[in-house]
Every structure is written in C-alpha cells, then in structure tokens.
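Architecture and fold: a report
The lines below spell out each chain.
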Amino acid sequence: MAIIEDALIDQYKNELYVRRIDLGDYHPSVAETLNSIGLHHHHRTNDQTEALRYHTDALQILRHLAEDESNPDDELKRKCNIESAITLTDIGNVHKSMGDCEMAMKSYTAALDVFRALRMKDDHPRVAATHRCIERIDRIWTGEQKHIHHHHVITQRKRPVKNGKEITAGRGGHGNETSGGDAGKNGDASSADDLNKFYCYLPSSLM
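Rules used in this analysis
Residues numbered from 1 in each chain as written. Predicted model: local features only at pLDDT ≥ 70, side-chain atom pairs only at ≥ 80, totals over all residues. Heavy atoms only, no water. Phe/Tyr/Trp six-rings, centres within 6.5 Å; stacked < 30°, edge-to-face > 60°. Lys NZ or Arg CZ within 6 Å of the ring centre and 35° of its normal. Core = buried A, V, L, I, M, F, W, Y, C linked by side-chain atoms within 4.5 Å. Buried < 20%, exposed > 50% of the residue type's maximum accessible area, 1.4 Å probe, protein only. Helix = DSSP H or I, 4+ residues; strand = E, 2+ residues; numbered from the N terminus. Axes fitted to C-alpha atoms, helices over the stretch in contact; angles between N-to-C directions. Parallel < 35°, antiparallel > 145°, perpendicular 65-115°, else oblique. Left-handed = near helix turned anticlockwise from the far one by under 90°. Contact = heavy atoms within 4.5 Å. Nonpolar A, V, L, I, M, F, W, Y, C, P; charged D, E, K, R; others polar.

Considerations on the packing of aromatic side chains
- Under the counting rule described, the total for this entry stands at zero aromatic pairs.
- Sitting over the face of the ring of Tyr 54, Arg 53 holds its NZ or CZ atom 4.6 Å from the ring centroid.

Some thoughts on the nonpolar core
- Ranked by size, the top nonpolar core spans 24 residues in total, and within it Leu 88, Tyr 108, Phe 115, Met 120 and Ile 137 carry the most contacts.
- Residue assignment for this core shows that the elements contributing at least two residues are α3 (48-66), α4 (74-97), α5 (101-117) and α6 (125-155).
- When residues in this core are grouped by element, the largest group, nine residues, is from α5.
- Membership of the second largest hydrophobic core comes to 13 residues, among which are Leu 34, Ala 58, Ile 61 and Leu 62.

What to know about the packing of helix α2 (residues 28-45) against α3
- Relative to each other, α2 and α3 sit at 160°, their axes nearing to 8 Å. By the criterion of interaxial angle, the relationship of α2 to α3 is roughly antiparallel. α2 and α3 meet at a crossing whose hand is left-handed. Note on element contacts: α3 touches α2 through Gln 48, Glu 50, Ala 51, Tyr 54, His 55, Asp 57, Ala 58, Ile 61, Leu 62 and Leu 65, opposite Pro 28, Val 30, Ala 31, Leu 34, Asn 35, Ile 37, Gly 38, Leu 39, His 41 and His 42.
- Looking at the contact of α2 with α3 residue by residue, the classes come out as 12 nonpolar, six polar and two charged.

Following this line, the structure appears as structure tokens:
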C-alpha cells in the first residue's frame, strides 16, 4: 500500500511540475493539482500537516486569481471564488482532523461567507456540504458544553486559589490564573486575533 501511495504522490507532483512550467504558478489548474495532493494527504496518508500546506498554497493562488484586477474575465473570477470556498471547507476538514475545532469552524464560516457573497443558495450541493460540516462542529461543541457544565456543578464549591487569584481550566485543560478584572480579556483578544488572521482567506473582493 505504501508503494502505491508513493507512486500516486509522485504522479501528482510530476503533474504539478508540468503544469507550473506550462501554465505558470498562478493558474487554476495548478491550484487544482495542489488541492488534489492536499486531499490525498488528508484522506489517504493521514498527513494533515502536508494536507494543510497544499490546500493553503492552492487557496493563495485562487485568491490571487479572483482579485486580479488586470483580468477582465469575471466568469473565471467567479469560478476561482467558488473554488476558494471549497478549499476553505477542505482546510476546515483538515483542522477538524487535527483536533482544532475552533479553526475548523472559522474556515467553514469563511467558506459560507464566500458562497453567500456569490449568492449561492443553501440547497446547492457545495453550500449544503459546508453547512453539514458546521453542524458537526456544533454537535461536538454542544457535547463539550454539557461536559463542562457537569464538571462546573461538581467543582464550583471548591476552586483552587493561588496568590489570591482563582485558577480555572482552559480549553486545553491547563490551569490559567484569572482575577475578576482580568477574566476573559486575554481570551477575547486572542480570539479576535485568530479570527482576523483566518479571515484573510476571504477574498477582499467579497468582503
């Protein structure tokens, strides 16, 4: 099986090399091959780091093409925006496989924003698929919140204290010191930074 997988990767990489030589780095076909390699790593080799790398490279090309003001081909730009949204959904799937549901949700949401900006209806197969991805994350989070609430009820009467500050468990399970004035501030800022960084995936022409 490993030999077959290596042969497929070699085939994809050879195709990528030829397309870059013949078509240039910024071409829809190059992005298509990059996404094919990303999907192969995601589904077949389970190398999510490589999958993320190839999908991100494809997304950068698609965004460049969608935002190229020198290109008057609006139909091509629309297709590249659609492919950008599909790629964002693939990136979300990779983050979910890596256990990062927050980044997965941000990716799915960005994809949905692109679909909506293109006025694609919710019953479109691609849009519906992204909705299902979001619903799966919602179910995961709903389960987590039930567990967190149950844990809170048990432990709320006796919280550990250090230097006069309450210690709470973060999302990753590590202890974080908080006080009444500071609680939530750092988390809110971090979330905002992550959101701004991730929404750079959304083509500026659609924002």
